[in-house]
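Chain by chain, the residues run as shown.
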Amino acid sequence: MDSGTTIIGLMFLLFCVIIFMVMISNNRKKEKKLLQSLENMAKENKCKIVQFDIWNNSVIGIDDATSVLFAIRNAKEESISSQIDLSEMKSCRVEKTNRVTDDNDFKEIEKLELVFTHKDKTIPDIFLHFYNREYDTGSLSGELQLIEKWNTIANNTIRILSINK
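In what follows, the accompanying structure is described. Quick caveat, the model's predicted, so the values are computed rather than measured.

### Points about the packing of aromatic side chains
Then step 1. Summed over the entire model, instances satisfying the criterion amount to one aromatic pair.
Then step 2. A centroid spacing of 4.6 Å and a plane angle of 20° characterise the contact between Trp55 and Phe130, whose relative ring orientation is stacked. You can see Trp55 sitting in strand β1 (residues 51–55) and its partner Phe130 sitting in strand β7 (residues 126–132), a full 75 residues away along the chain. For the pair Trp55 and Phe130, one class covers both residues: buried.

### Considerations on the environment of Lys149
Then step 1. Along the chain, the position of Lys149 falls in helix α2 (residues 143–163).
Then step 2. For Lys149 and Asp53, which are 96 residues apart along the polypeptide, the C-alpha to C-alpha distance reads 10.0 Å.
Then step 3. Those residues in contact with Lys149, other than ones at most four positions away along the chain, are Gln51 and Asp53.

### Describing the pairing of β1
Then step 1. The pairing of β1 with strand β2 (residues 58–63) spans five bridges and is antiparallel. Following the sheet pairing, Ile54 is matched in β2 by Val59.
Then step 2. Where β1 folds back on β2, the antiparallel hairpin that results is connected by two residues, among which Asn56 adopts a positive phi of roughly 30°.

### So, the sheet that holds strand β4 (residues 78–85)
Then step 1. Spatially, the four strands line up as an open sheet ordered β1-β2-β3-β4, and their pairing is antiparallel. In this open sheet, the two strands that pair with only one neighbour each are β1 and β4. With strand direction ignored, the average angle separating the axes of adjacent strands in the sheet is 10°.
Then step 2. Most of the contacts of helix α1 (residues 2–44) go to strand β3 (residues 68–75), to which it runs at about 140°, and overall it touches β1, β2, β3 and β4.
Then step 3. In the packing of α2 onto the sheet, the strands contacted are β1, β2 and β3, and the crossing angle to β1 comes to about 155°.

### Description of the sheet that holds β7
Then step 1. Here we have three strands laid out as an open sheet, ordered β5-β6-β7, and antiparallel in their pairing. The open sheet is flanked by β5 (89–100) and β7, the only strands paired with a single partner. Across this sheet, the average inter-strand angle for adjacent strands is 20°, counted without regard to direction.
Then step 2. Looking at chain direction, strand β6 (residues 107–118) and β7 are connected through six bridges and run antiparallel. The residue bridging Leu112 from the neighbouring strand is Tyr131, located in β7.
Then step 3. Strand contacts of α2: β5, β6 and β7, with the helix running at about 160° to β5, the strand carrying the most contacts.

### Some remarks on the pattern of salt bridges
Then step 1. Going through the model one piece at a time under the given rule, you end up with five salt bridges.
Then step 2. Between Lys149 and Asp53 there is a salt bridge, with its nearest N and O atoms 2.8 Å apart. Placement of the pair is Lys149 in helix α2 and Asp53 in strand β1, with a sequence separation of 96 residues.
Then step 3. By relative accessible area, which is 34% here, Lys149 ends up partly exposed.

### Here's the deal with a nonpolar patch on the surface
Then step 1. Where nonpolar side chains cluster on the molecular surface, the patch consists of Leu10, Leu13, Val17, Phe20 and Met21 and spans about 510 Å² of accessible area.
Then step 2. Position of Leu10 relative to the elements: it lies in helix α1.

### With respect to the nonpolar core
Then step 1. In this structure, Leu69, Leu86, Phe116, Leu128, Phe130 and Trp150 are the most contacted members of the largest nonpolar core, which totals 22 residues.
Then step 2. At the level of secondary structure, the elements contributing two or more residues to this core comprise β2, β3, β5, β6, β7 and α2.
Then step 3. At six residues, the largest contribution of residues to this core is made by α2.
Then step 4. If we skip the residues at most four places from it in the chain, Leu69 touches Ile60, Gly61, Ile62, Ser82, Gln83, Ile84, Leu86, Phe116, Leu128 and Trp150.
Then step 5. Ranked by size, the runner-up nonpolar core spans eleven residues in total, among them Leu38, Ala42, Cys47 and Val68.

Each value, and the rule that gives it
Residues numbered from 1 in each chain as written. Predicted model: local features only at pLDDT ≥ 70, side-chain atom pairs only at ≥ 80, totals over all residues. Heavy atoms only, no water. Phe/Tyr/Trp six-rings, centres within 6.5 Å; stacked < 30°, edge-to-face > 60°. Helix = DSSP H or I, 4+ residues; strand = E, 2+ residues; numbered from the N terminus. Buried < 20%, exposed > 50% of the residue type's maximum accessible area, 1.4 Å probe, protein only. Contact = heavy atoms within 4.5 Å. Pairing = 2+ DSSP bridges. Axes fitted to C-alpha atoms, helices over the stretch in contact; angles between N-to-C directions. Salt bridge = Lys/Arg side-chain N within 4 Å of Asp/Glu carboxyl O. Patch = residues over 30% accessible without salt bridge, like charges linked within 9 Å, V, L, I, M, F, W, Y side chains within 5 Å. Areas by Shrake-Rupley, 256 points an atom, 1.4 Å probe, with all protein chains shown as cover. Core = buried A, V, L, I, M, F, W, Y, C linked by side-chain atoms within 4.5 Å.

Here is the structure:
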């Protein structure tokens, strides 16, 4: 009886490991495809992605030589592509939309967006969505740190471009 239980336990463990490996493989393929889409978008614009990050069916990257930021976000069966020439931007900021929970206990983040303000005041702000509670996973998983990182990258690039004019 002990050997039968051991065999069943090992088969169950092997089954779990196989499922886990398939999930990891599928995620890697999805990330690779997303990055390839971003690189193709950059290549079409004679740019090359030097630095990038991937999260929740989204990818963002920058070509340091041309100071162009590219982003792709897949959400709700649609793909949103953005190309932002940072030399045309005045500033970048993080916009966080909160909501108070039903029991008024704490604030919950509804949306995280990177907002670019154009030098030309007649052109509206550009919003890059990093997180939206409606169609992203229920909780944040690094998006807050990631948006701060890209806010810093964008603002540093904008600042350098304005100094070099």
